[in-house]
Structures are given as C-alpha cells and as structure tokens.
Amino acid sequence: RTWFSAVNSQPSGELTLPEVANRLDVKQEVIYSLARSGFIQVTLRKSGRRPEQRVSFSALEAFEMKYVFGREIARKLNRSPRSILQFFESEGVRPVAGPGIDDCRQVLFDRQAVSATLDGYSVATHSCTP
C-alpha cells in the first residue's frame, strides 16, 4: 500500500484539471478549454502510460489574479451574467474568452479591465450624487 500510494500520488503543488474545475466551481470542459487556449498554464506529467495535464498552485493563483469569470462578477453584484456582459460591452470591456470567442462555455474577463471599469463607474456615480 505504501509503495502504491507513493507511485500513484500526484506531484506536490500540482492539481489535475478536474481538481482545478472543482476548485473554481466550473465544469471540467471549461478548464480543458481554458488550458487549450493558454489561459491556464499546464504541465504534462507521465501518469502510467500516458501524459496527464497538471496545473501548479502558482499557475492557478496567477490565473485567478489575471482573470475573472463573468458569473463571479454577477454573483458579487447581485446581477444576471447576461446583464454583466451587456454592461461591460457598453463600457468597451470585451471578454477574453467565452461562447462567441473561443467556444468556452464561461465568459472570462481580464480582472484589471473589470476593476478599472467598476472603479471608474463607482467614482462617477458617487461624484454625481450630492
């Protein structure tokens, strides 16, 4: 048992793509799509006879710092994902991934562009109120 668990254990500091999907609370096909598109950096590791894609914790952290899912913004702002998409498009912020872009099922935005837009919007609305 000790030998088997040592041989089959995953390298420390890495997650499989299904584990990343669970962590980010999205479907596995979304993570596979983001990995294919290069949004999530993956490493190939040999697992038995075939290679397996793994994501390091640092690569996952880098992804989370750089990108944000549209549905995550919608949850935080208590809005529908569709209204969030329409709002950002009206502000000139386009998603970097999504159904109409690279066939990813989830809309993905650049976090910095979203923050700048929301910060500018809140400053503008606060300056207009007495």
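Please refer to the structure higher up on the page.
This section reports on the structure supplied with the text.

Scoring rules and cut-offs
- Residues numbered from 1 in each chain as written.
- Predicted model: local features only at pLDDT ≥ 70, side-chain atom pairs only at ≥ 80, totals over all residues.
- Heavy atoms only, no water.
- Core = buried A, V, L, I, M, F, W, Y, C linked by side-chain atoms within 4.5 Å.
- Buried < 20%, exposed > 50% of the residue type's maximum accessible area, 1.4 Å probe, protein only.
- Helix = DSSP H or I, 4+ residues; strand = E, 2+ residues; numbered from the N terminus.
- Contact = heavy atoms within 4.5 Å.
- Axes fitted to C-alpha atoms, helices over the stretch in contact; angles between N-to-C directions.
- Parallel < 35°, antiparallel > 145°, perpendicular 65-115°, else oblique.
- Left-handed = near helix turned anticlockwise from the far one by under 90°.
- Nonpolar A, V, L, I, M, F, W, Y, C, P; charged D, E, K, R; others polar.
- Phe/Tyr/Trp six-rings, centres within 6.5 Å; stacked < 30°, edge-to-face > 60°.
- Lys NZ or Arg CZ within 6 Å of the ring centre and 35° of its normal.
- Pairing = 2+ DSSP bridges.

**Some remarks on the nonpolar core**
One finds Val-20, Leu-24, Ile-31, Leu-34, Phe-63, Phe-69 and Leu-108 to be the most contacted residues of the largest nonpolar core, which totals 21 residues. Going through the elements one at a time, helix H2 (17-24), helix H3 (28-37), helix H4 (57-66) and strand E4 (67-69) are the ones with two or more residues in this core. With near-sequence residues (within four places) excluded, Phe-63 lies in contact with Leu-24, Leu-34, Phe-39, Ile-40, Phe-69 and Leu-108. The next biggest cluster of nonpolar side chains, apart from the first, holds 9 residues, and it includes Val-68, Ile-73, Ala-74 and Val-114.

**Structural notes on the packing of H2 against H4**
Running from N to C, H2 and H4 cross one another at 40 degrees; their axes reach a closest spacing of 12 Å. In terms of axis orientation, H2 runs oblique to H4. Read as a crossing pair, H2 and H4 show a hand that is right-handed. Across from Val-20, Arg-23 and Leu-24 in H2, the residues of H4 making contact are Phe-57, Leu-60, Phe-63 and Glu-64. Among the residues making up the contact of H2 with H4, the classes are represented as 5 nonpolar, no polar and 2 charged.

**Topic: the packing of aromatic side chains**
Two numbers describe a pair of aromatic rings. These are the distance of the centres and the angle of the planes. Applying the stated rule across the entire model yields 5 aromatic pairs. Measuring from ring centre to ring centre gives 5.2 Å for Phe-87 and Phe-88, while their planes differ by 65 degrees; the resulting arrangement is edge-to-face. Since its relative accessible area comes to 21%, Phe-87 is described here as partly exposed. Here Phe-88 falls in the buried class, since its relative accessible area comes to 0%. Three or more aromatic residues joined by ring pairs make a cluster, and in this case those are Phe-39, Phe-63, Tyr-67 and Phe-69. For Arg-71, the ring lying beneath its charged end belongs to Phe-69, and the centroid distance is 5.4 Å.

**Quick look at the pairing of strand E2 (residues 43-47)**
Here E2 runs beside strand E3 (residues 50-56); their pairing, made up of 5 bridges, is antiparallel. Paired with Arg-45 across the strands is Glu-52, a residue of E3.

**Here we look at the pairing of E3**
Of the pairings in the sheet, the one linking strand E1 (residues 14-16) to E3 comprises 3 bridges and is antiparallel in character. Directly across from Glu-14, in E3, lies its bridge partner Ser-56. Taken together, E2 and the strand that follows it, E3, pair antiparallel across an intervening segment of 2 residues, in which Gly-48 is found at a positive phi of about 70 degrees.

**Quick look at unusual backbone geometry**
A positive phi angle is found at Asp-25, which is not glycine, with a value near 60 degrees. Tracing the backbone shows Asp-25 in the loop between H2 and H3. Backbone geometry places Asn-78, a non-glycine residue, at a positive phi of 55 degrees. By the element assignment, Asn-78 lies in the loop between helix H5 (70-77) and helix H6 (81-90). Given a relative accessible area of 67%, Asn-78 falls into the exposed group.

This is a description of form; function is not addressed.
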